[in-house]
Amino acid sequence: MKTTAILNLKGGVGKTVTAINMAAILAGDHNRRVLVIDADSQCNTTEFLSPARDGTPNTLADLLLMPELAGSPGGYEDYISASNVDGVDLLPASDELMDLDLSTLKSGVTSAGVLRSLLEACVEDDVYDNVLIDCPPAFNAASAAALVAADEVLIPVKLDAFSLQGMANLLKQVANMREINPRLRVAGLLPTMWYMDPLIIQAEGTLREKSGLHVYGPIRRSDKVNAMTFAQEPLRIYSPRSAAGIDYRAFVLEWMGGAKK
Ligand SMILES: Nc1ncnc2c1ncn2[C@@H]1O[C@H](COP(=O)(O)OP(=O)(O)OP(=O)(O)O)[C@@H](O)[C@H]1O
Ligand SMILES: [Mg+2]
C-alpha cells in the first residue's frame, strides 16, 4: 500500500481535482483498491465523492479529536465507506476539522499519529493498494496527521509567481516532518491548469531545471474540470477525451512508473 499526501499550502492549485481524478483512474483503469482521505474542512472531496452521506458520525475529525475511537482492531471500518466512484472508498472530512487546531492547542495533546495507526491496520488486513490524502491549503493539525501517515507528497502547482514563491516554505515544512516520519519523500510537482503561454512555459522550464524535483505532467487547463465538479463525475467518466482527462491518465501512468505499490 502506498500513501500519497496531495499537498500545497497555496489554495486553488488543483489538489482536490487531482485527488478525485487520480483515484478514479487508479481504480477504474488500473484495478487498484483506492482509499481517499479528505483532510480539508472545506469538504470538497467528501461532497463530490459522497454527496448523499446521511450524517455518518465518523469523520477524520472524530478520529483526530477522539483518537480512542480508532483503538479497536478493524476500527478503520467505522470511518470508511464506499464512495460513488467504483473501487474508491472514502474517509470523509467535516467542518469540525476547523476545531482541531484549537483543541490541540488547548489540550496540548496531538493526535497526529492516529491516522497513521489506522492506515497501518489497513496494511495488516491488505485492504488498499493506494491511499490518497487531499490536504487543506494550510499547515495545520490535519495536514500534519497526513504527513505523519504518508509515504510521499505530491505537490500540484499552478504556474504563477505567487504559487512558486510559496514552494520553498512548503518544502521546508515537508523536510521538518521527516524528523517524525523519516520515510516521507517528495514524489514530485504536478503543474495544473497549464495553457500555451510564454510565461507559463518559462515557469514550467524553471521548475524542471531548478527545483531539483521530478516534474510530472503538466495537466492542461480545461473547462471540463469545472463542469465535472457540477456533474459530480470524475473526468474519466464525464469527459475522458478532454485535455485534462487525457493528461490525468498520462500523469497516473507516469506516476505509477515511479511508484511501487
Ligand atoms: N486542469 C484544470 N483546468 C481548469 N480548471 C481547473 C483545473 N484544475 C483545477 N481547476 C479549477 O481550479 C479550481 C481549484 O481547484 P481545486 O479545488 O482542485 O484546488 P485545491 O488546491 O484543492 O483548492 P483548495 O486549496 O481550496 O482546497 C476549481 O475551480 C477547479 O475546477
Ligand atoms: Mg481542495
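Heads up: these notes are all about the structure in this document.

Reading the values: the criteria
- Residues numbered from 1 in each chain as written.
- Chains lettered and ligands numbered in written order.
- Predicted model: local features only at pLDDT ≥ 70, side-chain atom pairs only at ≥ 80, totals over all residues.
- Heavy atoms only, no water.
- Salt bridge = Lys/Arg side-chain N within 4 Å of Asp/Glu carboxyl O.
- Helix = DSSP H or I, 4+ residues; strand = E, 2+ residues; numbered from the N terminus.
- Phe/Tyr/Trp six-rings, centres within 6.5 Å; stacked < 30°, edge-to-face > 60°.
- Buried < 20%, exposed > 50% of the residue type's maximum accessible area, 1.4 Å probe, protein only.
- Lys NZ or Arg CZ within 6 Å of the ring centre and 35° of its normal.
- Near = heavy atom within 4 Å.
- Polar contact = N/O pair within 3.5 Å; in protein donor to acceptor, adjacent residues only side chain to side chain.
- Areas by Shrake-Rupley, 256 points an atom, 1.4 Å probe, with all protein chains shown as cover.
- Nonpolar A, V, L, I, M, F, W, Y, C, P; charged D, E, K, R; others polar.
- Arc of directions from axis to C-beta.
- Contact = heavy atoms within 4.5 Å.

Considering all chains together, one arrives at ten salt bridges under this definition. In this structure, R236 and D29 form a salt bridge, with 2.6 Å as the shortest nitrogen-oxygen distance. Taken together, the residues span a long stretch of sequence, with R236 in helix α11 (residues 235-238) and D29 in helix α1 (residues 15-30) at a distance of 207 residues.

Moving on to the packing of aromatic side chains. Taken as a whole and judged by the stated rule, the model has one aromatic pair. Between Y216 and F251 the ring centres are 5.2 Å apart and the planes differ by 85°, which places this aromatic pair in the edge-to-face class. Taken as a pair, Y216 in the loop between α9 (198-210) and α10 (223-231) and F251 in helix α12 (residues 243-258) lie far apart in primary sequence, 35 residues in all. Residue class for F251 comes out buried when judged on its relative accessible area of 1%. Above the ring of Y195, the side-chain terminus of R221 is found at 3.9 Å from the ring centroid.

With that settled, the discussion passes to the site of ligand 1. Taken together, 17 residues lie around ligand 1, and V13, K15, T16, V17 and S222 are the ones closest in. Between ligand 1 and V13 there is a distance of 3.0 Å, counted from an oxygen atom to a backbone nitrogen or oxygen. K15 is positioned with one of its side-chain polar atoms (N or O) 2.7 Å from an oxygen atom of ligand 1. If ligand 1 stood free it would expose 630 Å²; the protein chains cover 81% of that surface. Secondary structure elements with two or more residues in the shell around ligand 1: α1 and α10. Per element, the largest residue contribution to the shell around ligand 1 is three residues, and it comes from α1. Among the residues forming the shell around ligand 1, the class breakdown is six nonpolar, seven polar and four charged.

Of the positions making up helix α8 (residues 167-177), those classed as buried are M167, L170, Q173, V174 and M177. Buried residues in α8, looked at end-on, bunch into an arc of 125°, giving them a common side. Exposed residues pointing more than 90 degrees away from the buried face of α8 are listed as A168 and K172. On the buried face of α8, the contacting elements are α6 (141-149), β6 (152-158), α7 (161-165) and β7 (185-192).

Time to look at the side chain of N58. Summarising the element assignment, N58 is placed in the loop between α2 (44-49) and α3 (60-65). Accessibility expressed as a relative area gives 16% for N58, which makes it buried. A polar atom in the side chain of N58 sits 3.0 Å from the backbone oxygen of D78.

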